[in-house]
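A closer look at the structure
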Amino acid sequence: MANRIFAAVLLVVTLGYAVIAFTAIKAPFQYDPLGPESWPRILSIVAILCLLVILWKPDDEAFDVTRKVWFRLTAAVAMLFGYAELYEPLGFILSTILFGTILSAMLGAPLLRALGFGVAAGVAGWLLCVTLMDLNLPEGELIAPLFETHQQGES
Amino acid sequence: MDTVLSGLATGFAVALDPFNLMLVMVGCFVGTLIGALPGLGPINGVAILLPIAYGLGFQPESALILLAGIYYGAEYGGRISSILLNVPGDAGAVMTTLDGNPMARAGQAGRALSLSAVASFAGGTFAVILMSLFAPALAGFAVTFGPADYVALMVFAFASLASLVGKSTVKTLLGATIGLMLATIGIDANTGVPRYTFGLPDILAGIDFLIVVVGLFGMAELLTLVEHQARGTLKSLPVDKSFVSMADLAATKWTIARASVIGFFIGILPGTGASVASAVAYGTEKRISDKDGTFGTGDPRGLAAPEAANNAAAGGSMVPMLTLGIPGSGTTAILLGALLMFNIQPGPMMFAQRPEVAWGLVASMYIGNVALLVINLPLVGLFARMLTIPQHYLTPLIAILAFIGIYTIVGNPHDLFMITGLGVFGWFLRKLDFSLAPIVLGFVLGGLFEDNLRRALSISGGDWSILVSNWKSLLLYALALLVVILPIWLGRRARANAVREAETH
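Sequence order sets the numbering: in each chain, residues are counted from 1 along the sequence as written. Following the order in which they are written, the chains are lettered starting with A and the ligands numbered starting with 1. At least 70 in pLDDT is required for a residue's local features to be given in this predicted model, at least 80 for side-chain atom pairs to be given and counted, and no such filter applies to totals for whole chains, interfaces and linings, which use all residues. Side-chain metrics in this entry use all non-hydrogen atoms of the structure; hydrogen atoms and water are not considered.

Scanning chain A from terminus to terminus reveals five helices and zero strands. Ordering the α and β elements of chain A from the N terminus gives α-α-α-α-α. Burial classification: accessible surface area is computed with a 1.4 Å probe over protein chains only, and a residue below 20% of its type maximum counts as buried, one above 50% as exposed, and the rest as partly exposed. Residues counted as buried form 41% of the 155 residues belonging to chain A. By definition, residues are in contact when any of their heavy atoms lie within 4.5 Å. Here the contacts in chain A between residues at least 6 apart in sequence split such that 59% fall between residues at least 24 apart. Using the Shrake-Rupley algorithm and a 1.4 Å probe, accessible areas are obtained, with residue cover drawn only from the displayed protein chains. Counting every atom, chain A has about 8,900 Å² of accessible surface; 70% of that belongs to carbon and sulfur. Labels follow the DSSP assignment, with helices taken as runs of H or I lasting at least four residues and strands as runs of E lasting at least two, numbered in each case from the N terminus.

This is how it looks when you write it as structure tokens:
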């Protein structure tokens, strides 16, 4: 069943892809026998054939995900989106502390240790990546002014 | 032969540069650490660390040496979790658990680990030697390939992928097609027409390769770890003081030799990597030497065969990647993408145009193999301790590493949403038994496939018969057909035999 639903969703997407390939993509002028539309057309036909085979004869597999696991997964994905959302505004250190603590706590780490892990990951990650390897990570809009005043105070 | 020797000289000059030498060591060490983490295989390790290696801004050859070291190290490290935990890091390590874990349970963990290290070393070194002999010759031959031959080569690659990888041929084919379709997003290089961009400026240049790889492998892996979290903790067996003896080596030397040959040649086949190689090597060895039925109960030969084979296959799968530009496995597809990011087109011309990259990589593999053996024998206890890292810290760590890697490329937070979205998609695919390697392979090869098809038809003025007009392409189509038909035929025959046996009994 899960196979069929998944294949059906993909089929809708692929049909959209095919419609665009057959109607919308056009080069204003071209010298080659194959334009930008031919390859997507071939691919869409192959994909549709594959999907039809799967719809016709799906493997009968149990999609054994309990409600509890669904909840965990949704929570994890929500946290990832939240982490991505806060990455620049809060900066690497704060957002990582937050994300590391909450996710490891949800996955069963004792609360204090989770906090320790989050803080360690945020601070050590920053020191390792920015100070040592010179990679580009967000300071954070909230933190940046602090850094600046600090630097001004030094200079 | 001369080209091989002078090439190797160039390569060692690059690889023995102190900085590159250090990178080989660091790569091997980090790779082994990653490989030893339970459930995190080479492909995920390389995928997660690739953007970081890219972000460091090294020379192409240095970055590639680092990545190859990680890849190699991860293949080595994978056996640690297979043996001590009975949890294979990836499909290539499944066979290692069959005899490796029983040995460890019988109190010979040290012996199993050191024997598998030696077997890996032998397989890996054998593959690198064959590779340095074969690759230039194959590259020399591949220079004569025209666009039509390349199209045939791609068809062959996808045919062997579809027939040998994954449980369902249709699903593998669909996966490869999804990869090819993802690769069409962005501006068409020949005509400048935007395709499937929907006016979004973020994807005008196409979806970044790193985003696809980190999303499909790294993030999907993370979600799988979250899913499995509820199902109890893993228990690691202790590493003891037992060690591989000369008698063990003497007993397994032919096993290792056979498995290395099998592994290397299966690795060369485009699309098939360590998983097929180790399975075939184990099966062969079982048929040849399992006279007392000890395989599966902790027979050293049953451990040595898949280990030698999967490391030989790791080397073998580099051959088509370096000489033809067609990766032999999912992980080499990622390395190929890494080369493309440095504006190096892998393929027959690479040995002539960028010898320092091609040969530097080959030489670094010689060094890497030795380094891995040296690192692994004394430090195995340290790596084994990685297994005790609780999953609830490991999981967030993967996300943090992936975010760092992706953010450092261009500093665009939209990419972070993209990898998460692709991760969800990848998790569904995995859950439904699609293998992810074909998608990456399709994505990496998409541009090359389309370009060659269009070029071939431009040459012929639109006449499709150019695709089958010379013996090289015809041979490749014949091989493609063979790869698809042979397993089906063998399967039928095996089933018929089984039925006949059942009837006689």
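Here the focus is the overall build of chain B. If you tally the helices and strands in chain B, you get 19 helices and two strands. Just to be clear, the radius of gyration here is over C-alpha atoms, and the globule rule we use is 2.2 Å times residues to the power 0.38. Relative to the compact-globule value of 23 Å for 505 residues, chain B shows a C-alpha radius of gyration of 22 Å, a close match. When the backbone C-alpha atoms are referred to their principal axes, chain B occupies close to 65 × 55 × 50 Å. For chain B, the proportion of its 505 residues judged to be buried stands at 61%. Accessible area of chain B: about 18,200 Å², with a carbon and sulfur share of 67%. We score Asp and Glu as negative and Lys and Arg as positive, and we do not count His or the chain ends. A charged residue contributes its charge at one atom only: NZ of Lys, CZ of Arg, CG of Asp or CD of Glu. Charged side chains of chain B number 26 positive and 27 negative; the gap between the two group centres comes to 9 Å.

On to the pattern of salt bridges, then. If charged atoms from side chains of opposite charge come close, those side chains can pair. All names here are of chain B. The salt bridge definition used is simple: a Lys or Arg side-chain nitrogen within 4 Å of an Asp or Glu carboxyl oxygen. Scanning the entire structure with this criterion turns up ten salt bridges over all chains. The salt bridge involving Asp188 is made with Arg195; its shortest N-O contact spans 4.0 Å. Each member of the pair, Asp188 as well as Arg195, carries the same accessibility label: buried. Residues Glu450 and Arg454 are paired through a salt bridge, measuring 2.8 Å at the closest nitrogen-oxygen approach. Note that Glu450 and Arg454 are positioned in helix H18 (residues 437-460) at a spacing of four residues, about one turn of the helix. A residue is classified by how much of its surface remains accessible, and Glu450, at 5% relative accessible area, is buried. The exposure class assigned to Arg454 is buried, which follows from its relative accessible area of 3%. Overlapping salt bridges bring together Asp188, Arg195, Glu450 and Arg454 as one network.

This part is about empty space enclosed by the protein. All names here are of chain B. Both cavities and pockets are sets of points on a 1 Å grid over the protein atoms alone; in a cavity a 1.4 Å probe fits but cannot get out, in a pocket the set is open with protein on both sides within 12 Å along at least five of seven lines, and lining residues sit with an atom within 4 Å of a point. Grid points are joined across faces, edges and corners, and a volume is the space filled by probe spheres set on the points. In the structure shown here, the tally under the stated rule is two cavities of 30 Å³ or more. Every residue along the wall of the largest cavity is listed here: Val24, Cys28, Ile65, Ala68, Gly69, Tyr72, Ser364, Met365 and Gly368. Breaking the lining of the largest cavity down by element, the ones donating at least two residues are helix H2 (18-36), helix H4 (60-85) and helix H15 (355-386). Counting residues per element, the lining of the largest cavity draws most heavily on H4, which supplies four residues. Note that Gly is not counted as nonpolar here; it falls among the polar residues with everything else outside the nonpolar set of Ala, Val, Leu, Ile, Met, Phe, Trp, Tyr, Cys and Pro and the charged set of Asp, Glu, Lys and Arg. Taken together, the residues that form the lining of the largest cavity break down as six nonpolar, three polar and no charged. Considered as a void within the structure, the second largest cavity measures approximately 40 Å³ in volume. Surrounding the second largest cavity, Pro42, Ala74, Glu75, Gly78, Arg79, Asp90, Gly92, Ala93 and Asn310 form its lining. Of all the elements, H4 adds the most residues to the lining of the second largest cavity, at four residues. Of the residues assigned to the lining of the second largest cavity, the class counts are three nonpolar, three polar and three charged.

Our next topic: the packing of aromatic side chains. Working definition: a ring pair exists when centres of Phe, Tyr or Trp rings (six-membered ring for Trp) sit within 6.5 Å. Plane angles under 30 degrees give stacked, over 60 give edge-to-face, the rest tilted. In this structure the tally under the stated criterion is 31 aromatic pairs over all chains. Judged by centre distance (4.5 Å) and plane angle (10°), the ring pair of A:Tyr83 and B:Phe403 falls under stacked. Taken together, the residues A:Tyr83 in helix H3 (residues 67-106) and B:Phe403 in helix H16 (residues 391-410) connect one chain to another. An identical accessibility class is assigned to A:Tyr83 and B:Phe403; each is buried. Taken together, the ring pairs connect A:Tyr83, A:Tyr87, A:Phe92, A:Phe99, A:Trp126, B:Phe403 and B:Tyr407 into an aromatic cluster.

Residue and element names in this part refer to chain B. Mapped onto the fold, Glu356 is located in helix H15. Residue Glu356 is classed as partly exposed on the basis of its relative accessible area, which comes to 24%. Sequence separation of Glu356 and Phe12 is 344 residues, and the distance between their C-alpha atoms is 9.3 Å. Sequence-distant contacts of Glu356, defined by excluding residues within four places in its chain, comprise Val14 and Glu61. Polar contacts here mean pairs of N or O atoms no more than 3.5 Å apart (in protein, one a potential hydrogen donor and the other a potential acceptor; neighbouring residues in sequence count only if both atoms are side-chain atoms). Within the structure, the side chain of Glu356 is placed 3.1 Å from the side chain of Arg354, a separation counted as a polar contact.

Quick look at the confidence of the model for chain A now. Should the pLDDT be low somewhere, the predicted coordinates at that spot are not to be read in detail. Values of pLDDT, ranging from 0 to 100, describe the predictor's confidence in every residue of the model. Model confidence for chain A is summarised by a mean pLDDT of 84, while 89% of its residues fall at 70 or above. For chain A, the element scoring lowest by mean pLDDT is helix H5 (residues 144-154) of chain A, at 55; H3(A) scores highest, at 91.

Looking at where B:Ala247 falls in the secondary structure, it is placed in helix H9 (residues 246-268). The spacing of B:Ala247 and B:Leu339 is 92 residues in sequence and 43 Å in space, taken between C-alpha atoms.

So, on to the UniProt feature "transmembrane region" (unreviewed entry) in chain A. All names here are of chain A. UniProt positions are given in the numbering used here, feature names are shortened, and annotations may be inferred rather than shown by experiment. Residues given the UniProt feature "transmembrane region" (unreviewed entry) here are residues 39-57, 69-84, 90-107 and 114-133. Taken end to end, residues 39-57 is 95% helix and 0% strand, and its first and last C-alpha atoms sit 27 Å apart. Note that residues 69-84 is 100% helix and 0% strand, and that its end C-alpha atoms are spaced 22 Å apart.

The next point concerns the interface of chain B and chain A. The partner chain A presents 65 residues to the 64 residues of chain B that form the contact. Summed over the shared surface of chain B and chain A, the number is zero salt bridges. Taken together, chain B and chain A are joined by six residue pairs in polar contact (both at pLDDT 80 or more). Those elements giving two or more residues to the side of chain B that touches chain A turn out to be helix H3 (42-55), helix H7 (169-183), helix H8 (209-228), H16, helix H17 (414-431) and H18 of chain B. Here the element with the most residues in the side of chain B that touches chain A is H16(B); it accounts for eleven residues. Its residues assigned to classes, the side of chain B that touches chain A comprises 38 nonpolar, 17 polar and nine charged.

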